[in-house]
Amino acid sequence: MAKTAEPKTTAAKTAGAKPRGTRTAAETEKIRVALIERRDELKAEHDQTLLEIHELQQHRLTDSAGDDQADTGTKTGEREQEITIANNLAERISQVERALERLDEGGYGWCEKCGNPIPVERLAAFPSATLCVSCKQLEERR
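Residues numbered from 1 in each chain as written. Predicted model: local features only at pLDDT ≥ 70, side-chain atom pairs only at ≥ 80, totals over all residues. Heavy atoms only, no water.

**What about the overall build of the protein chain?**
For the protein chain, the helix and strand inventory stands at 5 helices and 0 strands. Written out in order from the N terminus, the α and β elements of the protein chain read α-α-α-α-α. Across the 142 residues that make up the protein chain, the buried fraction comes to 22%. For the protein chain, the share of sequence-separated contacts (at least 6 apart) that also reach a separation of at least 24 residues comes to 52%. A total accessible area of about 10400 Å² is found for the protein chain, and carbon and sulfur atoms account for 53% of it. (Helix = DSSP H or I, 4+ residues; strand = E, 2+ residues; numbered from the N terminus. Buried < 20%, exposed > 50% of the residue type's maximum accessible area, 1.4 Å probe, protein only. Contact = heavy atoms within 4.5 Å. Areas by Shrake-Rupley, 256 points an atom, 1.4 Å probe, with all protein chains shown as cover.)

Below is the structure:
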């Protein structure tokens, strides 16, 4: 009597591997602490930037007598640069907060596009990454 090959099940294929989204409570807490620390750092930097923008704006209002067009243009360019920095910080805060939400939902560390795991090295460099390297490269080519 000939033996027939049994089809491999998904469970058999992943035996020994953690199922998607499964990590220990200690691992999850370590990630959460790191994300919260990063968010708090970004918020402090954002608050400091807003304070500096406000102080510089006050200074500009009192120190604009005798400005020519070049001075006005320079001040406008500096103000736009400062606002861009503040907006970028706000976006990065939003990304970290989204990463915290994904951590709570069990989707942190998994690509939102293809569902594959995001390499640990990528998450270490960019903790709020939502795409794996391949999907990010495809997105950037577009």
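Having seen it, we continue.
**Things to note about the pattern of salt bridges**
Considering all chains together, one arrives at 10 salt bridges under this definition. We note a salt bridge from Lys136 to Glu139, for which the minimum N-O separation is 3.1 Å. Taken as a pair, Lys136 and Glu139 lie in helix H5 (residues 133–141) at a separation of 3 residues, close to a single helical turn. Connected via shared salt-bridge partners are Arg98, Glu101, Arg102, Glu105 and Glu112. (Salt bridge = Lys/Arg side-chain N within 4 Å of Asp/Glu carboxyl O.)

**Structural notes on the confidence of the model for the protein chain**
Residue-level pLDDT values for the protein chain average 80, and 79% of them are 70 or greater. Contacts from residues 1–19, a stretch scored under 50 in pLDDT, to residues over four places away or in other chains number 4 contacts. (pLDDT = per-residue confidence, 0-100.)

**Details of the nonpolar core**
Soluble globular proteins: nonpolar side chains tend toward being buried together. Counting 16 residues, the largest nonpolar core has Leu35, Tyr108 and Cys111 as its most contacted members. Every element with two or more residues in this core is listed here: helix H2 (25–62) and helix H3 (69–105). The element best represented in this core is H3, accounting for 6 residues. (Core = buried A, V, L, I, M, F, W, Y, C linked by side-chain atoms within 4.5 Å.)

**Things to note about the side chain of Ser128**
Along the chain, Ser128 falls in the loop between helix H4 (120–125) and H5. Judged by its relative accessible area of 9%, Ser128 is buried. Every residue in contact with Ser128, bar those within four places of it in the chain, is listed here: Gln95, Val96 and Ala99.

**Things to note about H3**
Here H3 spans 53 Å end to end across 37 residues, near enough to the 54 Å set by a 1.5 Å rise per residue. Within the sequence span of H3, burial applies to Lys75, Glu82, Ala86, Leu89, Ile93, Val96, Ala99, Leu100, Arg102 and Leu103. Two residues or fewer past H3, Gly106 is found with a positive phi of approximately 90°. (Expected span 1.5 Å × (residues − 1).)

**Details of the state of the cysteines**
In the structure shown here, the tally under the stated rule is 0 disulfides. Unpaired in this structure, Cys132 has its nearest cysteine sulfur neighbour in Cys135, at a distance of 3.6 Å. Relative accessible area serves as the criterion here: at 8%, Cys132 is assigned to the buried category. Between Cys135, a free cysteine, and Cys111, which holds the nearest cysteine sulfur, the sulfur-to-sulfur gap is 3.6 Å. (Disulfide = S-S within 2.5 Å.)

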